Amino acid sequence: MTRRVLVVEDDLTIASSVAARLRAEGFEVELAHDGPSGVAKAADADLVVLDVMLPGFDGLEVCRRIQADRPVPVLMLTARGDETDLLVGLAVGADDYLTKPFSIRELAARVHALLRRVDRAATPSARITLADLEIDLAERRVLRGGEEAHLTPTEFELLVHFAERPRAVQSRERLLNEVWGWHEGTGTRTVDSHVKALRRKLGTDLFRTVHGVGYALEVPR
């Protein structure tokens, strides 16, 4: 089945270049050039490539609104060195980011990697249960104390990675390699932001910080 990618970018040159490459990779691509149309067209997208600076309202608000509707992978584009936008973008549900200027080939590789994470095969009846934490791998649902948590695709993958290794300390570099598929060992703030989001959604007691190393999932009591 052909995957549909929505590119939300107000720079027409960048938008057309990204769209051309993704179409060459076999994706169906739709374009939007402002915040409101980006939200409107995201309803049936399999993945969204999203610029931060947009007319109407910015990409951070676009991301917040589409993630509130349903989890969808978001690759955010941000200006080089604009760390505030990057951290806020990860906090509102972006799964990955690229800083401008970027390689079109790298963007296509990131899109494929994001979709592979979403498509990770799961045994139809597979479920992880750790005390009051329940993870349904087939339906991609998470409950804590019977209450369902709304996770982004990458937050879900990160939680599963921890839940399959309870109490084991995971370094930031290993998490970037095994969850994100990044092999250069940079981008540790991405890990920190996603763990912070999981704590906010599932409880601050769930993850233990190991200073200078990374994190471990504490088995709920």
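Read on for an overview of the structure. (Residues numbered from 1 in each chain as written. Predicted model: local features only at pLDDT ≥ 70, side-chain atom pairs only at ≥ 80, totals over all residues. Heavy atoms only, no water.)

Here we come to helix 5 (residues 104–118). Here helix 5 contains 15 residues, and its C-alpha end-to-end distance of 22 Å stays within 8% of the 21 Å for a straight helix at 1.5 Å per residue. Among all positions of helix 5, only L107, A108, R110, V111, A113, L114, L115 and R117 are buried. For helix 5, the N-terminal cap is S103; the gap from its side-chain oxygen to the backbone nitrogen of R105 is 3.2 Å. (Helix = DSSP H or I, 4+ residues; strand = E, 2+ residues; numbered from the N terminus. Expected span 1.5 Å × (residues − 1). Buried < 20%, exposed > 50% of the residue type's maximum accessible area, 1.4 Å probe, protein only. Polar contact = N/O pair within 3.5 Å; in protein donor to acceptor, adjacent residues only side chain to side chain.)

All right, on to the sheet that holds strand 2 (residues 28–32) then. Spatially, five strands are ordered 2-1-3-4-5 in an open sheet, and the strand pairing comes out parallel. Lying at the two open borders of the sheet, with one neighbouring strand each, are strand 2 and strand 5 (96–100). Between one strand and the next, the sheet's axes are offset by a mean angle of 20 degrees, whatever the strand orientation. Strand direction decides the pairing type here: strand 1 (residues 4–8) and strand 2, joined by five bridges, are parallel. By the bridge assignment for strand 2, V7 is matched with L31. (Pairing = 2+ DSSP bridges. Axes fitted to C-alpha atoms, helices over the stretch in contact; angles between N-to-C directions.)

What follows deals with the nonpolar core. Core analysis: the largest hydrophobic core is formed by 29 residues, its most contacted members being I135, V142, L158, L159, F162, W180 and F207. Contributions of two or more residues to this core are made by strand 6 (127–130), strand 7 (133–136), helix 6 (153–163), helix 7 (172–180), helix 8 (188–202) and strand 12 (214–217). Of all hydrophobic cores here, the second largest spans 19 residues; its members include L6, L60, C63 and V72. (Core = buried A, V, L, I, M, F, W, Y, C linked by side-chain atoms within 4.5 Å.)

Before going further, it helps to spend a moment on the packing of helix 6 against helix 8. Two quantities define a packed helix pair, namely the angle between the helix axes and the distance between the axes. Two elements in contact, helix 6 and helix 8, have axes whose closest approach is 10 Å; the angle formed by their N-to-C orientations is 85 degrees. Overall, the two elements helix 6 and helix 8 adopt an arrangement that is roughly perpendicular. Counted together, T154, E155, L158, L159 and F162 of helix 6 and H194, V195, A197, L198, K201 and L202 of helix 8 form the full contact between these two elements. Looking at the contact of helix 6 with helix 8 residue by residue, the classes come out as seven nonpolar, two polar and two charged. (Parallel < 35°, antiparallel > 145°, perpendicular 65-115°, else oblique. Contact = heavy atoms within 4.5 Å. Nonpolar A, V, L, I, M, F, W, Y, C, P; charged D, E, K, R; others polar.)

Glancing now at the packing of helix 6 against helix 7. Contact geometry of helix 6 with helix 7 gives a least axis separation of 10 Å together with a crossing angle of 115 degrees. In terms of crossing hand, the pair formed by helix 6 and helix 7 is right-handed. Where helix 6 approaches helix 7, its residues T154, E157, L158, H161 and F162 are matched on the opposing element by L175, E178, V179 and W180. Residues that form the contact of helix 6 with helix 7 fall into these classes: five nonpolar, two polar and two charged. (Left-handed = near helix turned anticlockwise from the far one by under 90°.)

Aromatic ring pairs are reported here in terms of the distance separating the ring centres and the angle at which the planes meet. Tallied over the entire structure, the rule returns one aromatic pair. Ring centres 5.0 Å apart and planes at 70 degrees place the aromatic pair F162 and F207 in the edge-to-face group. Note that F162 is positioned in helix 6 and F207 in strand 11 (residues 207–210), a separation of 45 residues in sequence. Here F162 and F207 have matching classes, each one buried. The ring of F57 is capped by R65, whose NZ or CZ atom sits 4.2 Å from the centre of that ring. (Phe/Tyr/Trp six-rings, centres within 6.5 Å; stacked < 30°, edge-to-face > 60°. Lys NZ or Arg CZ within 6 Å of the ring centre and 35° of its normal.)

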